[in-house]
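# Summary of structural features
What follows is the residue order along each chain.
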Amino acid sequence: MDSAISDEGRAPDAPQNAAPTTPARRGESFRPRAWLELIRDVYFSIDRRTLGFTRIMLGFLCVMDLVRRTPDWLAMYSNQGVLPNHVNLWRPQAWGAFTFLNAFSTAPELWALWGVMLATYLCLMFGYKTRIAQVLTLVFVTSTNGRILLIENGGYVVFNLLVMWTAFLPLGDRFSIDTILDSMRRRKEATAEELNDRAGVIDERRLSPHVSFVVFVILLQISAIYFFNVVHKTGAAWKNGTAVHYVLYVDRMVTPLIGLVRYYAPPAVLLVLTKFVMFGEAALPYCILSPLARAWARRIALGLMNILHLGFGSTFVLGPFAWAMCVFSTLLITKDDWDIAARTMRRAHRARVVVFDARSGAALLFCRILKRLDRYELLSFRSGSGLEGGIAVENPKTNTTLRRSAAYADILAALPLGPTLAWLLRAPGVSHLVDAIARAVEARNVSRTFGLRVPRGPSTLLPAGPAPLRRVLGFGAVGLREMLVLFMFAGAVNQAAVELWCIKERWKVPQPEPLRMAAQKLRFLQGWFMFSPNPVMDDGTIVVDAKTIDGRSIDPFTGQPPNFDLTNAKSFGYNQIWSDYYNRMHLPANSAYREPMKDYMYRLPERTGRAEDVIVSGDVYWVKDMNPSFGKTNSTRFEKEKLFSFENPAARAQASNP
């Protein structure tokens, strides 16, 4: 349900001139209702502008994650990849994780699905049909992450939790196409006077905070991630400050840039960074849940989270972990932050008068959209006639009139965040292109031939609230939503109790089947022990020494001769997908998935288009070494462990019958 507290922080029916009645100011104790309101505002309420911004960041994250997977889309998800659908169905991974990607086997099917997923994520980012996009995003993300658990890490779990918890929030209530369309349906302006009337531009409901139990759950979820990560970091490397040093030498995880510069990091800096990581993770739960100085506590948490995860994301190939946590952090933005941002970004000198051709339906439509984007109310509107292109802009201070690219640049500069893009319209090449397009439009009088009619008669503001029947159904939907949130929260708590080391070692907590299914099959896990109790202190990867039909030695995964030299490696250059795949495939528990791995290697000629790349036989090795001790830069204890050998019967037959 939504709060009855308005943007100004008072009840709409409260007298505007009423004297402050805070009991503490009168020397009295808090009334129970005041305590409940405080708890509601601190732990269960969230500004809808925050939800809109989070939606934009979440949609962008989903698009970037899809792009990240694109080079390996067929290798990971098709029947020509490392885990074909029939193998995944016959030998389910980890409780048979939910995924509908098993229904897509061939390249055309998977690329069509890729296009649908991209369209869905873009709809989420821009806020079009947002509720549908949220549900589809939840299905797509969990299915993609659950399709091949051989590449899953903690980042995939965080990503799953992010899309799941935010699916219960009205992310489309602000900064969305849905909001603009709803506003334009409720009021259809036809004159400049109506355009200048800002009443009812946004539904009053969307101006009030959103109140839900899921807000509290999200705060607990973020806090739990950091709290238990700190609790489990009990190893000597975290206590003596050397942990960051060891992690920087894990070549399968670090980026190539870090592989080049890590040798120059002073030991003192590495000690400080280790302590900072521990301090930041330990402080975050208190900052997130503190009821005191909430705005500043949340700002500190927001800053710490982004400092930590931007550092992690630029240093290691961790998949979506760092970026999903950055998106989680946007949910900590408060009303106070938005008010400061509005005061900071609103600049009165950018105020402009938009003059539009009253006979042009396209020009009027453009002004109606501008009115809804103009949240700082820096634009006013005036009708005119005989305007080329239908739009001009007047500067009230200088009495100058601008047209074409200069006019559009001034309009854009008056909108929120517009100044960051307006300079593009003033750049020489872009401005000339925009002017040319504008002249072409003017020459053909396109603005009057779009088929857009100018509304006739006075504008009417339709009722903002839903019809009585929809209101009743809405209350039922809210109750169902809160019950589902409560169920998923119970599942999260139960999963934490059976998965976290610090709990399961002390108590044996049962896991009912419905809660286990929700947590395990959908991969909403709660095992927060990253780099615990000590960071990774060894390094390793799979190297394949295969023979081609023409006698060459080649690694089918890299297309290069096999490289067993770990001691001189400065990052293997893998992405997260292959890094985790190699790491999982060397484990005996995953030996059942080695036959599909062989088939993938045999299909090397299909990927390269070279007949001479047919694989005849080969050996698969796990090569590893120990990271250098603190203060040193050379790895030690190199080992080469043979995992298995293979022969390609089809290639043998081809070689014997040329």
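Right, let's get into the overall build of the protein chain. A tally of helices and strands in the protein chain yields 29 helices and 10 strands. Within the protein chain, the fraction of its 658 residues that count as buried is 50%. In the protein chain, once contacts between residues fewer than 6 apart in sequence are set aside, the share between residues at least 24 apart is 78%. For the protein chain, the exposed surface amounts to about 31400 Å²; the carbon and sulfur share of it is 64%.

Where nonpolar side chains cluster on the molecular surface, the patch consists of Leu122, Phe126, Tyr128, Ile177 and Leu181 and spans about 410 Å² of accessible area. Broken down by secondary-structure element, the contributors of at least two residues to the nonpolar patch are α5 (107–126) and α8 (177–186). Position of Leu181 among the secondary structure elements: in helix α8.

Take the environment of Tyr408 next. Examined against the element boundaries, Tyr408 turns out to sit in helix α20 (residues 404–414). Classification of Tyr408 by relative accessible area gives partly exposed; the value is 30%. Taking the C-alpha atoms as reference points, Tyr408 and Val434, separated by 26 residues in sequence, lie 9.2 Å from one another. Ignoring sequence-local partners within four residues, the contact set of Tyr408 consists of Phe366, Ile391, Leu425 and Val434.

Looking now at unusual backbone geometry. Across the junction of Ser532 and Pro533, the peptide omega takes the value -10°, indicating a cis bond. Checked against the element boundaries, Pro533 lands in the loop between α25 (513–521) and β7 (538–548). Non-glycine residue Arg404 carries a positive phi angle of around 55°. Residue class for Arg404 comes out partly exposed when judged on its relative accessible area of 22%.

For helix α26 (residues 576–585), the tally of buried residues reaches nine of 10 residues, placing the bulk of the element in the interior. Those residues of α26 that fall on the buried side of the exposure criterion are Gln576, Ile577, Trp578, Ser579, Asp580, Tyr581, Tyr582, Asn583 and Met585. The distance from a side-chain oxygen at the start of α26 to the backbone nitrogen of Ile577 is 3.2 Å, and the residue carrying that oxygen is Asn575.

All right, on to the sheet that holds strand β8 (residues 553–554) then. As summarised here, the arrangement of the four strands in space is β8-β7-β9-β10, forming an open sheet in which the pairing is antiparallel. At either end of the open sheet lies a strand with only one pairing partner, and these are β8 and β10 (636–647). Two strands pair when backbone bridges link them, and strand β9 (residues 615–626) and β10 are joined in this way by nine bridges, in the antiparallel orientation. Across the sheet, Lys624 pairs through a bridge with Glu639, a residue of β10. Strand contacts of α26: β7, β9 and β10, with the helix running at about 85° to β7, the strand carrying the most contacts. This element, helix α27 (residues 594–602), spans β7, β9 and β10 of the sheet and lies at about 80° to β10.

Let's shift gears to the nonpolar core. Formed by 130 residues in total, the largest nonpolar core has its most connected members in Leu58, Trp165, Phe328 and Tyr581. For this core, the element with the highest residue contribution is helix α11 (residues 213–232), accounting for 12 residues. Ignoring anything within four residues of it in the chain, the contact list for Phe328 reads Val158, Leu161, Leu162, Trp165, Ile218, Ile222 and Met305. Of all hydrophobic cores here, the second largest spans 18 residues; its members include Cys367, Tyr376, Val393 and Ala407.

Now for the environment of Pro285. Of note, Pro285 is situated in helix α15 (residues 267–289). For Pro285, a relative accessible area of 9% gives the class buried. Along the sequence, Pro285 and Gln221 sit 64 residues apart, while their C-alpha atoms lie 9.7 Å from each other. Ignoring any residue separated from it by four or fewer positions in sequence, one finds Pro285 in contact with Ser223, Tyr226 and Phe227.

The next subject is the side chain of His309. With respect to the helices and strands, the residue His309 is situated in helix α16 (residues 294–315). A polar side-chain atom of His309 sits 2.6 Å from a polar atom in the side chain of Tyr226. Not counting chain neighbours up to four residues away, the residues in contact with His309 comprise Tyr226, Phe321, Ala322, Met325 and Cys326.

Moving on, we get to the pairing of β9. Most of β9 sits out of view: nine of its 12 residues are buried. With 11 bridges joining them, β7 and β9 adopt antiparallel strand pairing. When the sheet's bridge partners are listed, Ala546 is paired in β9 with Gly618.

Thresholds, definitions, all that
- Residues numbered from 1 in each chain as written.
- Predicted model: local features only at pLDDT ≥ 70, side-chain atom pairs only at ≥ 80, totals over all residues.
- Heavy atoms only, no water.
- Helix = DSSP H or I, 4+ residues; strand = E, 2+ residues; numbered from the N terminus.
- Buried < 20%, exposed > 50% of the residue type's maximum accessible area, 1.4 Å probe, protein only.
- Contact = heavy atoms within 4.5 Å.
- Areas by Shrake-Rupley, 256 points an atom, 1.4 Å probe, with all protein chains shown as cover.
- Patch = residues over 30% accessible without salt bridge, like charges linked within 9 Å, V, L, I, M, F, W, Y side chains within 5 Å.
- Salt bridge = Lys/Arg side-chain N within 4 Å of Asp/Glu carboxyl O.
- Polar contact = N/O pair within 3.5 Å; in protein donor to acceptor, adjacent residues only side chain to side chain.
- Pairing = 2+ DSSP bridges.
- Axes fitted to C-alpha atoms, helices over the stretch in contact; angles between N-to-C directions.
- Core = buried A, V, L, I, M, F, W, Y, C linked by side-chain atoms within 4.5 Å.

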